[in-house]
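# Per-entry structural report
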Amino acid sequence: MNHTPLTLVIFGATGDLARRKLFPALLDLHCAGHLPAEYRIVGFAKSALSTEAFRRMVRSALDAHSHTHPEEVAAFVARAEYVAGDFTDPKSYGTLSAFLAAQDRAVGACTNKLFYLAVPPRFYDPLFQNLADSGLSVGCVGGGAGWTRLVVEKPFGEDLHTAQALERKLSLLFKEEQIFRIDHYLGKSALENILAFRFANSIFEPIWNRNYVARIEVRILESRGMDGRGAFYDGVGQLRDVGQNHLLQMLALIAMEDPGAYEAGAVRARRAEVMAALRLRKGGRRVKGQYASYRTEDHVPCDSNTETYFLLEAELDNSRWRGTPVVLESGKKAGQTLSEIVLHFKEIPSCMCPENLSGARRNLLRFRIQPDPATGLRLWARKPSYGMEIEERYVEFPFVPTGRYRMHDAYEKLLLDIIEGNQTLFLSSKEVEYSWRFLMPVLEQWQKEEPVIYEDGNLPAFPAQSR
C-alpha cells in the first residue's frame, strides 16, 4: 500500500453512481486497510450542501447498502468533505484548488490527487478543460511530488467522431498514465479468471483456435427493462450501452494472444489487437430488436426505434481465428439475467457413437460471469450399460467455492487498482477507437431501421443448442 496521503475528489458526489457504488466500495477498502492512513474524500457537485449535510448523505447511502462494517462507518464518514461548485464554471475550480491546497497544508504534504468523474458525459469536455486550466491536473499548487489521476466512466463518446474528439482533448491535457477509462465489467473477478484459465493450463492452448472451435458466443442478457432510465437509454440503445464496452471486452479476453505477463502494457496491447481484427461477418445476421412495452416506458418517445436487443455475427481477421463465427448478443426483458462466453468445439470426424447422436456430439466450454460465476464443460462418456451407449456429461465448478473467499465488488477492485496505478483493467485509447470503428456501420444502418418487436422473455430466434 502507498502510504502517501490521498485526496479523492468525486465530481458528481451527490449522484446515483457515487451513492450506490463508490461510497460502499471505498468503505470496503477502508475496512480492509487498503487506503492510506491519511486520506480524504472530497465531494464536488452543484448542490448547496455543507460538509455535515454531505456526511449525512454518505451515511444514508451506506445504510441503504448491504455491508458488514457498522462499527467503521462513523470513522469513514468523518473523512468526507464537500465543496459546492458548477462543473462548467472555471471559478468553481479555483475554489476547489484553494480548498485542496488548504487540505495539503493541514496534513503537511502534497497529497496524491484522484479525480473521479461520476458525471454525465456532456460535462466531460468542460470538466477536462477546467481541471487543466486550474492547474489541478498537474498536482499540488506550487509544485510537489504527489501524482494526479483522472477516472472517466463510460460511455467514451457516442460514436467514432465524438470518441476521437474526446481522446484528442484528453491527450492534450493529460498524460496517458494519468487516465483511467473505467468499464466496471472488467473489475469482475470471474472475467480475470478467463486469463488464468487460458494461460495457466497448458491443455487448452493447442485447441484454442479456428481448427477446433466452431463458434464463439458472447452474450449479456437482462430480465429487467428501463427501471427509470428511459430518458438516458433512448438516446443510447443496447449496442452503445453494452455492446461497445462490456461485450467486446469479454470477447477480447477470450480471443487475445498470450500477453506473456499480467502487466498493463502487454494485456492492453493484446486486447487492442482483438478489437483491431474484429469485422462484421459477410452475410452474417444483424438483428435489431425492441421489447414490446418499451415505447410505453417513462420518457421514451412513442415512435422510438431504439434497440433494446441486438445480435451481430462477426469474425476476427487474424491467423488464430480467421473464419470462426463470433456471435455477439445482448438484450433487455430477456426472461433471464445471464452473462456468459461459450466456445462450441467442432464435431470430431469419427466417434464411437450411435448415429442418432451425429451432429450433437460437440464439446462445449462455458464461462458464466453472472449469475453464480462458474466454468462448465460439456463432455461425452459411456453409459454404464451393456452396449457402447454414449451420453452427455456436463461438468461445472464454481469460480468461488462457498465460504472460502469473499467476492469483492468490481468497483472495489478497480478503485484499488487506480490508487496503485495499475491500468491493466482499464481501456486504452486504441481499444476505444477500434471498438467504435467496428460498430459504426451497424449504428449507421440502424439509424432509420425499425426494430423487430419481441415479447418479454421471447427474444428473436437463435439456434436452440446455444441455450
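This structure is a prediction, so every number in the text was calculated from the model and none was measured.

## Comments concerning the overall build of the protein chain
When its secondary structure is counted, the protein chain shows 12 helices and 16 strands. Viewed in the frame of its principal axes, the protein chain has a C-alpha envelope of about 80 × 50 × 40 Å. Looking at the protein chain as a whole, 53% of its 467 residues are labelled buried. Sequence-distant contacts in the protein chain: of pairs separated by 6 or more residues, those separated by 24 or more amount to 76%. Accessible area of the protein chain: about 20,800 Å², with a carbon and sulfur share of 51%.

## A closer look at the sheet that holds strand β3 (residues 80-84)
Pairing in this open sheet of six strands is parallel, and the strands run β3-β2-β1-β4-β5-β6 from one edge to the other. The two strands at the open ends of the sheet, each matched to only one other strand, are β3 and β6 (179-182). For this sheet, the mean angle separating the axes of adjacent strands, direction not counted, is 20 degrees. With four bridges connecting them, strand β5 (residues 148-153) and β6 associate as parallel partners. Bridging from a neighbouring strand, V152 pairs with R181 of β6. Packing against the sheet, helix α2 (residues 51-63) makes contact with β2 (39-45) and β3, and its axis sits at approximately 120 degrees to β3.

## With respect to the packing of helix α9 (residues 238-255) against helix α10 (residues 264-277)
At a minimum axis separation of 9 Å, α9 and α10 run at an interaxial angle of 110 degrees. If you check the angle between α9 and α10, you find them roughly perpendicular. Taken together, the residues of α10 that come into contact with α9 (itself represented by L248, Q249, L251, A252, L253 and A255) are R271, V274 and M275. For the contact of α9 with α10, the residue count by class is seven nonpolar, one polar and one charged.

## Quick word on the nonpolar core
Of all hydrophobic cores here, the largest spans 120 residues; its most connected members are I10, F11, F23, Y116, L251, I254 and L328. With 10 residues, the single largest contributor to this core is α9. Among all residues touching I10, those that are not within four sequence positions of it are A18, L22, F23, L26, I41, V42, G43, F44, Y116 and A118. If you look at the next biggest cluster of nonpolar residues, it comprises 13 residues, including M226, Y233, V327 and A334.

## Focus on empty space enclosed by the protein
Within this structure, the stated rule accounts for three cavities of 30 Å³ or more. Of all the elements in the fold, those that place two or more residues in the lining of the largest cavity are β1 (6-11), β2 and α4 (90-107). Looking at the lining of the largest cavity, its residues break down into four nonpolar, three polar and two charged.

## What about unusual backbone geometry?
Residue P155 follows K154 across a cis peptide bond; omega there is 5 degrees. With respect to the helices and strands, the residue P155 is situated in the loop between β5 and α6 (160-173). Put simply, Q370 and P371 share a cis peptide bond, and its omega is -5 degrees. Relative to the elements of secondary structure, P371 occurs in the loop between β13 (364-370) and β14 (374-382). Despite not being glycine, D227 shows a phi value in the positive range, around 50 degrees. Topologically, D227 is positioned in the loop between β7 (213-221) and α8 (230-233). Note on D227: relative accessible area 56%, which makes it exposed.

## Looking at the packing of aromatic side chains
Taken as a whole and assessed by the stated rule, the structure comprises 18 aromatic pairs. With a centroid separation of 6.1 Å and 75 degrees between ring planes, the pair formed by F23 and F54 is classed as edge-to-face. With F23 in helix α1 (residues 16-31) and F54 in helix α2, the pair connects residues that are 31 residues apart, well separated along the chain. When the centroid spacing of 6.1 Å and the interplanar angle of 80 degrees are considered together, the rings of F204 and W208 count as edge-to-face. Grouping residues by exposure puts F204 and W208 together as buried. Taken together, the ring pairs connect F11, F44, F87, Y93, F115 and F123 into an aromatic cluster. Seen from the ring of W147, R149 lies directly overhead, with NZ or CZ sitting 3.8 Å from the centre. Above the ring of Y185, the side-chain terminus of K188 is found at 5.1 Å from the ring centroid.

The rules behind each value
Residues numbered from 1 in each chain as written. Predicted model: local features only at pLDDT ≥ 70, side-chain atom pairs only at ≥ 80, totals over all residues. Heavy atoms only, no water. Helix = DSSP H or I, 4+ residues; strand = E, 2+ residues; numbered from the N terminus. Buried < 20%, exposed > 50% of the residue type's maximum accessible area, 1.4 Å probe, protein only. Contact = heavy atoms within 4.5 Å. Areas by Shrake-Rupley, 256 points an atom, 1.4 Å probe, with all protein chains shown as cover. Pairing = 2+ DSSP bridges. Axes fitted to C-alpha atoms, helices over the stretch in contact; angles between N-to-C directions. Parallel < 35°, antiparallel > 145°, perpendicular 65-115°, else oblique. Nonpolar A, V, L, I, M, F, W, Y, C, P; charged D, E, K, R; others polar. Core = buried A, V, L, I, M, F, W, Y, C linked by side-chain atoms within 4.5 Å. 1 Å grid on protein atoms, 1.4 Å probe; cavity = no way out; pocket = protein on both sides within 12 Å on 5 of 7 lines; lining within 4 Å. Points joined across faces, edges and corners; volume = space filled by probe spheres on them. Phe/Tyr/Trp six-rings, centres within 6.5 Å; stacked < 30°, edge-to-face > 60°. Lys NZ or Arg CZ within 6 Å of the ring centre and 35° of its normal.

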